[in-house]
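Coordinates in review
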Amino acid sequence: MTEPAEPDRPALRGEWDRFLQAAERERRAGEGRPEGVFPHYSEDGSWRLLAVDELSTWRGEVYDHGNWTAGFWYGVMWLLALGAGDARAKELTRGRLPRLVPRSTDSTTHDLGFLFYPSLVLGGELGFVDPGEAAAVQAANTLTARLNAQGGYLQAFGPIGDPRSAGTSTIDTMMNLPLLWWARERGADVHLGNAARWHARTSARLYVRDDGSTYHLLRFDPVSGALRHQGTFQGAADDSCWSRGQAWGICGFAWAYAATGEPEFCRAAERCASYFFDRLPDDAVAPWDFGDPSPTPTRDASATAIACLGALLLGHVHPEADRRGRWRRTGLDALERIGDACLNTDPATQGILLHSCYSKPHGLGVDGATAWGDFFFGLALALAVDAIPLRTVLGFRPPR
Ligand code: GLY
């Protein structure tokens, strides 16, 4: 199949170079830190660091995710090792993997994909660590144990079966599934792939509204599996659209389509992507929530970075050539614009992709860098400039 000719994009190559320069600054900062703490999000130009063994917990009625972000630091370092041939990045990252490994049996969170895909899975696919790393397979099994078979969803928050959160599911989980798609490819128990497919089908059915926007949080009756509530945890309102959740949906559904070929996932990804990209301002930096009525809402560049990766995936795997071209151009354009607006070139400021927001309702990191924004921005850039093959990003052979 012949793809439409793509104009060369020197601006994106320049952006990839600037990403690598910023990642090198991050490597130097990491060398000076204790081994067990990792960037979470930044405030006032400095990282808020979090210990990797900080587990999720309930503080009264409020759920704290704990450390769900350490994996992204490993991923940024792998991208630096890949793009700049930085041997020190590779050695530093390898040396800190033992800190992460105990989380592979953590049964208090769905975030095991965020912890283990950018670190052990991507590191293995790039040839930097053993590609069959047992801890990544263990993490996939631990995540799969969160399947609630009555509701057909992977429990999002808290210990498995905990009455406060046994019925929770979030759109974010769609981007924890890449760990399971990878494990399935490596011959893991067939149950892992089935659980991922089942969760994705439930998500396509219950998260995506008629206009293509998404809910963030669903609550089920964990015993009967009946849907009880569609709402939010980090968004502005139950009926609004939290932009990062929307981006997790775009990328997660596109990845699920690449893994399964199920047309429903391609449609869900496209509908979510149309809603997202149609509403971006000129600089492509997403508002933190598309329902915020302010003329100058808090922004979340990390949401755009994730959505760009999703658009680029559609640009590779969509079954129709004209749609592939459209989504590739959409992803490349937005990536270029957020690079112009948000790529940090100031050595005195920590982080790579600025103007991101962790959680506006919780007052956390409302204008700074985020561990995930830096990683997904770098991964999308690497894919955009062909520094990394699609097969390596996905961790399995793509459908075409
Ligand atoms: N998964 C949590 C977040 O996106 O903030």
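Preceding block: the structure.
Let us look at the structure shown here. Owing to the predicted nature of the structure, the values given are computational and were not obtained by experimental measurement.

The rules behind these values
- Residues numbered from 1 in each chain as written.
- Predicted model: local features only at pLDDT ≥ 70, side-chain atom pairs only at ≥ 80, totals over all residues.
- Heavy atoms only, no water.
- Helix = DSSP H or I, 4+ residues; strand = E, 2+ residues; numbered from the N terminus.
- Rg over C-alpha atoms; globule rule 2.2 N^0.38 Å.
- Buried < 20%, exposed > 50% of the residue type's maximum accessible area, 1.4 Å probe, protein only.
- Contact = heavy atoms within 4.5 Å.
- Phe/Tyr/Trp six-rings, centres within 6.5 Å; stacked < 30°, edge-to-face > 60°.
- Polar contact = N/O pair within 3.5 Å; in protein donor to acceptor, adjacent residues only side chain to side chain.
- Expected span 1.5 Å × (residues − 1).
- Pairing = 2+ DSSP bridges.
- Axes fitted to C-alpha atoms, helices over the stretch in contact; angles between N-to-C directions.
- Salt bridge = Lys/Arg side-chain N within 4 Å of Asp/Glu carboxyl O.
- Parallel < 35°, antiparallel > 145°, perpendicular 65-115°, else oblique.
- Left-handed = near helix turned anticlockwise from the far one by under 90°.
- Nonpolar A, V, L, I, M, F, W, Y, C, P; charged D, E, K, R; others polar.
- Disulfide = S-S within 2.5 Å.
- Near = heavy atom within 4 Å.
- Areas by Shrake-Rupley, 256 points an atom, 1.4 Å probe, with all protein chains shown as cover.

1. Some words on the overall build of the chain
Helix and strand content of the chain: 13 helices and 11 strands. The C-alpha atoms of the chain give a radius of gyration of 19 Å, which matches the 21 Å a tight globule of 400 residues would have. Taken over the C-alpha atoms alone, the chain extends approximately 55 × 45 × 45 Å along its principal axes. Here the chain holds 400 residues, and 62% of them are scored as buried. Partitioning the intrachain contacts of the chain with sequence separation of at least 6 by distance along the chain shows that 68% fall at a separation of at least 24.

2. Observations concerning the packing of aromatic side chains
This structure, assessed with the given rule, holds 27 aromatic pairs. For the ring pair Y41 and Y358, a centre distance of 5.4 Å and an interplane angle of 40° mean the geometry is tilted. Of the two residues, Y41 is situated in strand β1 (residues 37-43) and Y358 in the loop between α11 (321-342) and α12 (371-384); the sequence distance between them amounts to 317 residues. When its relative accessible area of 10% is taken as the criterion, Y41 is described as buried.

3. Some points on the environment of Y358
Given a relative accessible area of 6%, Y358 falls into the buried group. Sequence separation between Y358 and W372 is 14 residues, and the spatial gap between their C-alpha atoms is 9.7 Å. Setting aside chain neighbours within four positions, we find Y358 in contact with H40, Y41, H65, W68, Q234, R244, L364, G365 and W372. A polar atom in the side chain of Y358 sits 3.0 Å from the side chain of W68.

4. A look at helix α8 (residues 243-260)
Along its 18 residues, α8 runs 26 Å from first to last C-alpha, staying within 8% of the 26 Å computed at 1.5 Å per residue. Counting buried positions along α8 gives 18 out of 18 residues, so the element sits mostly inside the fold. In the segment just after α8, G261 is the residue with positive phi, at about 70°.

5. What about the sheet that holds strand β9 (residues 227-231)?
Here we have 3 strands laid out as an open sheet, ordered β7-β8-β9, and antiparallel in their pairing. For this open sheet the edge positions go to β7 (168-170) and β9, each flanked by a neighbour on one side alone. On average, each strand axis in the sheet is tilted by 20° relative to the strand beside it, whichever way the strands run. Examined bridge by bridge, strand β8 (residues 217-220) and β9 share 4 bridges and lie antiparallel to one another. By the bridge assignment, L217 is partnered in β9 with G231. Its contacts with the sheet place helix α7 (residues 190-206) against β7, β8 and β9, and it is angled at close to 110° to β8.

6. Considering the pattern of salt bridges
Inspection of the entire model under this criterion finds 21 salt bridges. Here D333 ties to R9 by a salt bridge, and the two come within 2.8 Å at their closest N and O atoms. Taken as a pair, D333 in helix α11 and R9 in the segment before α1 (10-31) lie far apart in primary sequence, 324 residues in all. The class of R9 is buried, set by a relative accessible area of 17%. Look at the salt bridges and you will find they share partners, linking E24, R27, R28, E31, D86 and R88 into a network.

7. Quick word on the pairing of strand β2 (residues 46-51)
Bridge analysis of β1 against β2 gives 6 bridges, and the strand direction is antiparallel. Considered in β2, the bridge of Y41 is made with R48. Count of turn residues in the β1/β2 antiparallel hairpin: 2 residues, of which D44 carries a positive phi of about 50°.

8. Structural notes on the packing of helix α2 (residues 70-84) against helix α4 (residues 112-125)
Packed helices, taken two at a time, are described by the angle between their axes plus the distance between the axes. For the pair α2 and α4, the least separation of the axes is 6 Å and the interaxial angle reads 30°. Classified by the angle their axes make, α2 and α4 are roughly parallel. Crossing geometry of α2 relative to α4 is assigned as left-handed. On α4, the residues touching A70, G71, F72, Y74, G75 and W78 of α2 are F114, L115, P118, S119, L122 and G123. Among the residues making up the contact of α2 with α4, the classes are represented as 8 nonpolar, 4 polar and no charged.

9. Section: the state of the cysteines
Taken as a whole, this structure holds 0 disulfides when the rule is applied. Unpaired in terms of disulfides, C251 finds its nearest cysteine sulfur in C308, a separation of 9.9 Å. Classification of C251 as buried rests on a relative accessible area of 0%.

10. Let's talk about the site of the ligand
Taken together, W68, D172, Q234, W242, R244, W248 and Y358 make up the full set of residues adjacent to the ligand. The contact in question runs from an oxygen atom of the ligand to an N or O atom on the side chain of W248, over 2.9 Å. Protein coverage of the free-state accessible area of the ligand, which is 200 Å², stands at 100%. Its residues assigned to classes, the shell around the ligand shows 4 nonpolar, 1 polar and 2 charged.

11. Points about the packing of α1 against α12
Taken N-terminus to C-terminus, the directions of α1 and α12 make an angle of 140°; their axes are 10 Å apart at the nearest point. When the interaxial angle is binned, α1 and α12 end up oblique. Handedness of the crossing formed by α1 with α12: left-handed. Contacts between α1 and α12 pair L12, E15, W16 and F19 from the former with D374, F377, G378, L381, A382 and A384 from the latter. For the contact of α1 with α12, the per-class residue count stands at 7 nonpolar, 1 polar and 2 charged.

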